[in-house]
Protein chains: 2
Amino acid sequence: MNKITDVVMKPLEKSIYLKPYTMHFTQNGQKKTWDLLGIHDSVAIIIYNKLRKVLILVKQFRPAVYLGTIDPQDRQIDHPIDTAKYPPENGITIELCAGIVDKQLSLAEIAREEILEECGYDVPVGSLELIGSYRSGVGTSASVQTAYYCEVTDAMKVTQGGGTDDELIDVVEMTVAEVKDYVTQRDVVNSPPSFLFGIYWFLLNKSSKY
Amino acid sequence: MNKITDVVMKPLEKSIYLKPYTMHFTQNGQKKTWDLLGIHDSVAIIIYNKLRKVLILVKQFRPAVYLGTIDPQDRQIDHPIDTAKYPPENGITIELCAGIVDKQLSLAEIAREEILEECGYDVPVGSLELIGSYRSGVGTSASVQTAYYCEVTDAMKVTQGGGTDDELIDVVEMTVAEVKDYVTQRDVVNSPPSFLFGIYWFLLNKSSKY
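My aim in this report is to walk through the structure given alongside it, one point at a time. Keep in mind that this is a model prediction, so the values were computed, not measured. (Residues numbered from 1 in each chain as written. Chains lettered and ligands numbered in written order. Predicted model: local features only at pLDDT ≥ 70, side-chain atom pairs only at ≥ 80, totals over all residues. Heavy atoms only, no water.)

### Brief notes about the interface of chain B and chain A
Stage number 1. With 76 residues of chain B in contact, the opposing surface of chain A contributes 76 residues.
Stage number 2. Note on chain B versus chain A: buried area summed over both sides is about 6,900 Å², and carbon and sulfur give 64% of it.
Stage number 3. For the chain B face of the interface with chain A, the top three residues by lost area are B:R135, B:V138 and B:Y200, together amounting to 10%.
Stage number 4. Scanning the region where chain B abuts chain A turns up 0 salt bridges.
Stage number 5. At the boundary of chain B and chain A, one finds 20 residue pairs in polar contact (both at pLDDT 80 or more).
Stage number 6. The set of elements that each furnish at least two residues to the side of chain B that touches chain A consists of β1 (4–11), β2 (19–27), β3 (30–38), α1 (63–68), β6 (92–95), β8 (129–135) and α4 (193–205) of chain B.
Stage number 7. When residues of the side of chain B that touches chain A are assigned to their parent elements, the largest contribution, 9 residues, is made by α4(B).
Stage number 8. Each residue belonging to the side of chain B that touches chain A can be placed in one class, and the counts come to 40 nonpolar, 23 polar and 13 charged.
Stage number 9. Here strand β1 (residues 4–11) of chain A pairs with β2(B) via 6 bridges, running antiparallel. Paired with A:T5 across the strands is B:T26, a residue of β2(B). (Contact = heavy atoms within 4.5 Å. Buried area = accessible area lost by both parts, 1.4 Å probe. Salt bridge = Lys/Arg side-chain N within 4 Å of Asp/Glu carboxyl O. Polar contact = N/O pair within 3.5 Å; in protein donor to acceptor, adjacent residues only side chain to side chain. Helix = DSSP H or I, 4+ residues; strand = E, 2+ residues; numbered from the N terminus. Nonpolar A, V, L, I, M, F, W, Y, C, P; charged D, E, K, R; others polar. Pairing = 2+ DSSP bridges.)

Below you can see the structure in the form of structure tokens.
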């Protein structure tokens, strides 16, 4: 997964995933603008293997995170990124299993598909516990993300997971103790706030039951 | 705060806040691209008034959230948004006090300034408890967000808060019971995952002490 080479930044071309706009509006009589993005709605799932008492998480190379590790002066347009100075491993995150909503399926069906595609567990839709929905961001992009909780057993594991097409996703397992150490580390946690929310939700609502 | 009119979307012009790129790279021999954004690092603070036993939060109109409430077919470029059909109040979020890192100050100093500017409490830097840092996003933008916890008393309240310049921020107070109801509601929580993380962190680590 980590063999990343020939990294270079280009200006954004027309994108099907990322639609940058400026919103113009008047607030209390004052004209304002705000730069922002339209992005897809998404689902995220906290998966717990209750047999082996581990959380099922995913690891992948995230270009946006990798960019965030690079000094702005070292990421000029059309200048190759120095992958010796900035190891691409720094762009590998640990996240909840998740996916964008781009199909005519219920949110729970999409969540079920992501669990199968990314983690290899075939779970009944009815086993997904809805946690709730929230805005995936507020500053520059905001769509609805819906979170679920799902318990699995090894009997439900039907493939190795890893994603579809050219996705390269590693499934990782963490015990509750390991995930507690991970989220309370002093280094930057290479995970998004939705992951931290999911883990703290689990610690508050579920982990004491096991 | 809610008097929002004349809303129209335009293509993104040159922006100082939002820098869209496409990253080109080779992963395991396969050429790939990813559309993404460079954004500022930030701080966020969970503030608890221990005298009155309320969390101190902020409410504001967020263009990106408002856009997220509008059906894509009703947000075409240069077509005014129908604010009767889509009330701008839908774009008002409840968040942790937060701010971007755009000054030559320590992160704790920036957090202290945001608490004063947005919420009106003048707190000693030394009273800020570092929770940790994480990636503010992973899909399209990722910078480092650092979270703090801070306890305040009414004696530290020196202004009404509300932000600087043309910021329009309302300070809101919620009891622990109110915030629990808010984060577990069945409607979409009009708050980002960093807020949910902060609240669950507080519920797990602090609220039982009061």
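### Examining the side chain of A:E118
Residue and element names in this part refer to chain A.
Stage number 1. With respect to the helices and strands, the residue E118 is situated in helix α2 (residues 107–119).
Stage number 2. One buried charge, E118, has no salt-bridge partner; the nearest side chain with opposite charge is R62, at 6.7 Å.
Stage number 3. Within polar-contact distance, the side chain of E118 engages the backbone nitrogen of A98 at 3.3 Å. (Buried < 20%, exposed > 50% of the residue type's maximum accessible area, 1.4 Å probe, protein only. Lys, Arg positive; Asp, Glu negative; His and termini not counted.)

### With respect to the nonpolar core
Stage number 1. Counting 52 residues, the largest nonpolar core has A:F195 and B:F195 as the members making the most contacts within it.
Stage number 2. Ignoring anything within four residues of it in the chain, the contact list for A:F195 reads A:L57, A:I94, A:E95, A:L96, A:V179, A:Y182 and A:V183. (Core = buried A, V, L, I, M, F, W, Y, C linked by side-chain atoms within 4.5 Å.)

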